[in-house]
Amino acid sequence: MNIIINGEKIEAKQGKSILQVAREKGIDIPALCNLIDEKPIGSCGLCVVKIRKGSKTYYSRACTTKIDEGMEIETHSPEIEDTRKTILEMIAEEHKEIKGEAKELFLKYGIKLKGDNKKAMPKLAENPFISFNPEACISCFRCVQACSLIKENHVLVRENRGMNTQIVAGINEALKDAGCAFCGACVDACPTGALMDLTARVEKETKKITSICPYCGVGCAIDYYVSGEEIIYAKGSPNGVNKGDDCIKGRYGWQFVHSEERLKKPLIKKNGKFEEVTWDEALNYVASRLKEIKEKYGADSIAGLSSAKCTNEENYLFQKFMRIVVGTNNVDHCARLCHASTVVGLFKVFGSGAMTNSLEDLDKDAELYFVIGSNTTHAHPVIGTMIKRSVKGRGAKLIVADPRDIELAEYSDLHLRHRPGTDVSLINGMMNVIISHGLEDREFIENRTEGYEKLRDVVKKYTPEYVEKITSVPKEDIIKAAVLYATHKSAIIYAMGITQHTSGTANVASLANLALLTGNVGKRGTGVNPLRGQNNVQGAGDMGALPNVLPGYAKLGTRRAREIEKTWGGKIPEKEGLTVVEIMHAASKGMIKGMYIMGENPAVSDPDQKHVIQALKNLEFLVVQDLFMSETAQLADVILPAASSLEKEGTFTNTERRVQLLHRVLEPVGDAKPDWWIIQEIAKRMGADWNYKSPKDIFEEIRKVVPQYRGITYERIDKFGLQWPCPDENHESTKILHDDIFPTPNGLAKFSPYEYEPPAEEPDEEYPFVLTTGRTYEHFHTGTLTRKIEGFNELIPEAFVEIHTEDAEKLGVKDGDCIEVESRRGKIRVKAKIAGIKKGVVFIPFHFAESAANILTNDALDPEAKIPELKVAAVRLKKCQ
Amino acid sequence: MEDKVVEIIEKHRKDDAKLLAILHDVQDEFGYIPEDAIKVIARELKMKKGEIYDTASFYSFFRFKPEGQHEVLVCDCIVCHIKGAEDIIKRLEEEFKVTMGETTKDGKYTFKMVKGLGHCEKSPVMMVDGKLYGNLTPERAVEILRRCEQ
């Protein structure tokens with residue numbers, strides 16, 4: 001299409017607006033309300049241009065007018081500039097306090113901001129993170145559009161019309177009551193500084209440093225704005241997997257790094273009290289005590305917990321330290337508690353235990369999301385937003401399977417509220433329907449899989465009627481879910497609701513079976529996609545911080561293990577080590593005498609808390625390396641202060657297998673040191689000849705040992721990470737797994753059907769409720785980081801138990817009353833929160849040490865993956881006396 | 001209240017432009033649109049409460065606060081203004097402890113300021129529950145309203 005702008009002939013694509021085309025050509029048309037080119041708001045009128053088309057001449061907004069063949073456009077003629085000046089003068093009359101990009105515009109047009117009538121503060125300003133200045137708000141509605149179209153939250157809205165229009169939250173409420181996600185999209189959109197991050201301030205010099213968020217496994221890139229040694233604000237980077245999105249934790253969760261409570265000096269417990277010591281004293285003491293225990297009781301009397309919050313380099317070094325310096329395979333980390341069953345289950349079916357697809361293809365191409373056991377908008381918010389956007393924006397379908405009315409259920413076509421622990425039955429039921437309706441993908445089954453007959457035989461008895469009895473999901477819904485899933489390009493998304501069961505491996509394998517049955521593997525917008533909970537769970541596993549496999553998932557005692565021994569120059573023990581829960585059992589029985597815990601808090605995170613604390617107290621020597629005096633650190637003999645991930649370099653591997661480089665944002669506080677440095681110093685003192693000068697040195701060794709990482713270098717991932725497997729430096733990285741063959745001996749995937757087995761503990765007369773646990777949006781894991789942040793505590797100050805309104809009524813409990821929740825293992829008191837949850841099921845978040853959900857949970861293990869059943873425990877409830 | 005709102009929603013469930021019809025019926029039922037009703041509508045229509053409030057607050061005929069038993073329209077058109085409407089408004093606001101547009105704490109009166117009731121010959125005027133009172137003085141206005149209470 002040909003048009004003329006300011007006398008210059010321009011060829012442009014049909015469908016674009018005048019503003020878009022002009023700006024692409026470098027013509028600077030001012031506009032204050034424009035946010036999304038395809039969805040112009042058209043409220044400010046500043047982009048007005050003069051258009052001549054045929055015999056007609058008229059004026060129109062450049063943002064809302066699409067180009068048309070033969071249009072002649074003038075963008076800066078004197079009368080247009082005059083109009084713009086008039087518009088700005090009118091705004092200036094009443095908006096003295098305008099800042100930001102709008103202020104530049106007023107300066108450019110030489111207009112002075114005036115006005116002194118104070119406007120009333122709307123209630124939305126009552127919140128801990130975002131400030132609002134009504135004197136600066138020009139009602140351009142960019143924030144409203146950001147909140148609705150970009151984030152699909154619809155929290156910021158317009159109240160009234162015309163002159164009286166103002167921006168409010170919800171039904172003119174405080175932001176948190178209106179359901180605000182505190183993602184900051186409105187702040188980023190605001191052109192006048194009316195909405196701002198509370199921590200932001202004007203500084204002479206601010207540096208922008210991009211690194212990876214310290215929280216969940218999405219691995220968002222965050223731009224941190226730093227003045228001196230202080231972060232003043234942060235926002236999602238447009239150059240990461242998150243493409244500019246972020247959540248409350250990415251945007252405001254960095255505040256823990258500046259907490260007064262950070263550990264700044266090494267501490268040794270002397271006569272029951274911690275005393276500050278030098279690094280030398282602490283490291284010598286740790287090395288000599290570990291040596292003593294090893295000599296006295298043998299290497300297998302020592303165990304180490306590595307950390308999914310530490311870098312790949314540190315995990316690699318930690319397990320290497322345990323294996324060849326201490327001499328034991330007793331090394332594990334919290335992935336045992338989250339995705340051990342994913343690794344085992346997916347390995348069994350696909351031959352590889354990682355997320356099959358990428359966020360990018362799920363975002364663009366999935367026609368249906370089957371979200372099961374994942375409260376995505378709370379635990380992996382940026383992926384949650386992606387799903388909401390796909391559903392609302394491009395009409396993707398959504399099936400949610402969850403006993404709670406999670407936020408995504410509001411957006412779903414179908415919500416299956418199955419009883420906790422009945423996932424295998426539900427999935428088998430869906431497969432039964434698919435086969436009986438002839439909806440299976442015959443070609444895919446024939447060419448890419450084996451064991452179909454066995455699957456068909458197993459799922460035969462799981463008719464919708466039979467499954468309804470087990471799961472309590474109406475049979476019509478089971479049929480509908482099966483048909484929807486099988487007839488679309490469907491992606492399965494799951495998290496801890498699937499894995500943290502005694503049937504965790506069975507649940508995961510069953511989901512993989514379902515994907516195989518319908519050919520929903522190896523293609524864009526499909527797959528089986530476990531969402532990893534910690535920023536580096538994937539990497540900690542890849543690095544072999546596991547008792548049964550070495551880096552790159554090499555099995556103990558194999559040829560690959562011997563190759564690794566050559567690189568390491570030491571002997572790797574062949575006996576499998578103990579898993580997290582087994583380590584705690586062994587410690588309580590006195591078989592484990594010494595423990596080295598890096599960046600984990602098992603005293604709060606692990607099931608059956610009383611037992612864990614007793615086990616830790618039973619140790620002869622406990623060393624804890626952490627940022628804070630965690631509940632676990634309090635039980636330690638030595639505490640080593642570690643640098644946070646914003647204070648060091650290294651790599652994290654996100655949920656979609658993307659290896660991403662951290663950039664140091666700040667120097668470590670006090671005498672805190674990066675974990676890799678600490679591990680190396682202890683190793684040296686125990687006789688190891690290690691000389692790593694930087695994380696990069698360690699990564700170069702990882703590349704030799706872990707074939708999946710071989711082609712990845714720090715240089716290649718400086719700007720954006722690469723997804724493994726990446727076998728050589730010319731390899732582009734792998735976006736979708738299994739597109740051609742499966743990494744199994746014969747290249748075929750193997751159907752691995754399971755029968756439904758009930759959870760280890762079912763409700764009975766004595767303990768009639770099912771307790772399930774999980775995260776809130778605002779807090780993270782055991783709260784070691786988020787509970788150090790005032791604003792987060794203001795939003796969610798304490799634990800609660802979600803309960804169905806009829807259950808609450810029967811107990812005589814009202815919203816906010818105290819309830820005593822008791823299981824066979826202990827009891828806690830928490831506030832009742834009447835919520836959308838299945839009758840007979842209650843939910844407690846596990847962030848709160850003072851009312852720890854894990855006092856109640858069961859440590860019964862999945863027989864294959866040894867993951868404990870954190871998601872189902874039988875409890876009884878009563879109103880507090 | 002929830003049951004009633006759900007009943008109204010069910011009545012319109014199959015309509016194309018159901019939100020406005022639902023809001024009208026809710027206001028007819030309760031005299032205004034209560035916050036809790038907005039929450040129920042949001043849940044049932046799978047919308048966010050803010051989206052509903054955004055739409056509803058566009059229309060001046062939707063109310064979000066309960067109205068008093070008696071509606072008092074006080075005219076402040078140019079004629080009434082010249083003839084002392086300002087003093088009447090001031091007196092009423094003091095006497096009933098409200099500002100124009102609000103409802104008294106006891107829920108008896110909702111005061112609204114209007115521009116023109118079409119009876120300039122009797123100005124200053126006010127209208128109570130549809131009945132016009134003219135040639136007012138501040139004292140007479142109070143007296144008329146106090147009489148409603150009996």
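Residues numbered from 1 in each chain as written. Chains lettered and ligands numbered in written order. Predicted model: local features only at pLDDT ≥ 70, side-chain atom pairs only at ≥ 80, totals over all residues. Heavy atoms only, no water.

A.B. asks: Just give me the short version of the packing of aromatic side chains, but keep the residues and values in it.
C.D. replies: All names here are of chain A. Across all of its chains, the model carries 24 aromatic pairs over all chains by this definition. Ring centres of Phe-321 and Tyr-596 lie 5.8 Å apart, and the angle between their planes is 90 degrees; on these two criteria the pair is classed as edge-to-face. With Phe-321 in helix H8 (residues 312-326) and Tyr-596 in strand E25 (residues 594-598), this residue pair connects regions lying 275 residues apart in the sequence. Since its relative accessible area comes to 0%, Phe-321 is described here as buried. Members of the aromatic cluster, joined through ring pairs, are Phe-129, Phe-182, Tyr-252 and Phe-792. Stacked on the ring of Phe-800, the Lys or Arg Lys-833 has its end atom at 4.5 Å from the ring centre. (Phe/Tyr/Trp six-rings, centres within 6.5 Å; stacked < 30°, edge-to-face > 60°. Helix = DSSP H or I, 4+ residues; strand = E, 2+ residues; numbered from the N terminus. Buried < 20%, exposed > 50% of the residue type's maximum accessible area, 1.4 Å probe, protein only. Lys NZ or Arg CZ within 6 Å of the ring centre and 35° of its normal.)

A.B. asks: Please set out the interface of chain B and chain A residue by residue, giving values where relevant.
C.D. replies: In this assembly, 11 residues from chain B lie in contact with 21 residues from chain A. Carbon and sulfur atoms make up 49% of the surface buried where chain B meets chain A, a total of about 1400 Å² over both sides. On the chain B side of the interface with chain A, the three residues burying the most area are Lys-48, Tyr-53 and Asp-54 of chain B, jointly 40% of the side's total. At the boundary of chain B with chain A, the tally comes to five salt bridges. Where Asp-54 of chain B meets Arg-161 of chain A, a salt bridge forms, and the shortest distance between an N and an O atom there is 2.9 Å. Applying the counting criterion to the chain B and chain A interface returns 10 residue pairs in polar contact (both at pLDDT 80 or more). For the side of chain B that touches chain A, the secondary structure elements donating two or more residues are helix H3 (35-45) and helix H4 (49-58) of chain B. The element best represented in the side of chain B that touches chain A is H4 of chain B, accounting for seven residues. Class assignment of the residues belonging to the side of chain B that touches chain A gives a composition of three nonpolar, two polar and six charged. (Contact = heavy atoms within 4.5 Å. Buried area = accessible area lost by both parts, 1.4 Å probe. Salt bridge = Lys/Arg side-chain N within 4 Å of Asp/Glu carboxyl O. Polar contact = N/O pair within 3.5 Å; in protein donor to acceptor, adjacent residues only side chain to side chain. Nonpolar A, V, L, I, M, F, W, Y, C, P; charged D, E, K, R; others polar.)

A.B. asks: Run through the state of the cysteines, naming residues and quoting values.
C.D. replies: Counted according to the given criterion, the structure contains one disulfide over all chains. Here Cys-818 of chain A connects covalently by a disulfide to Cys-880 of chain A, the sulfurs 1.9 Å from one another. Handedness of the Cys-818 of chain A-Cys-880 of chain A disulfide follows from its S-S torsion of about -60 degrees: it is left-handed. Residue Cys-818 of chain A is located in strand E34 (residues 818-823), and its partner Cys-880 of chain A is located in the segment after strand E37 (873-879); the two are separated by 62 residues in the primary sequence. The class of Cys-880 of chain A is buried, set by a relative accessible area of 17%. Left unpaired, Cys-33 of chain A is separated from the closest cysteine sulfur, that of Cys-44 of chain A, by 3.8 Å. Judged by relative accessible area, which is 2%, Cys-33 of chain A ranks as buried. Free of any disulfide, Cys-120 of chain B has its nearest cysteine sulfur in Cys-77 of chain B, 4.7 Å distant. What makes Cys-120 of chain B partly exposed here is its relative accessible area of 42%. (Disulfide = S-S within 2.5 Å.)

A.B. asks: Account for the sheet that holds strand E3 (residues 48-53) of chain A, naming residues and giving values.
C.D. replies: Residue and element names in this part refer to chain A. Here we have five strands laid out as an open sheet, ordered E2-E1-E5-E3-E4, and mixed in their pairing. Single-partner strands in this sheet number two, and they are strand E2 (8-11) and strand E4 (56-61). Recorded for the sheet is a direction-independent mean angle of 30 degrees between the axes of neighbouring strands. Both strand E1 (residues 2-5) and E2 contribute to a ladder of four bridges, which runs antiparallel. The partner of Ile-3 across the bridge, within E2, is Ile-10. Together, E3, E4 and strand E5 (72-74) form the strand contacts of helix H2 (residues 78-94), whose direction differs from that of E3 by roughly 145 degrees. (Pairing = 2+ DSSP bridges. Axes fitted to C-alpha atoms, helices over the stretch in contact; angles between N-to-C directions.)

Read these as geometric descriptors, not functional statements.
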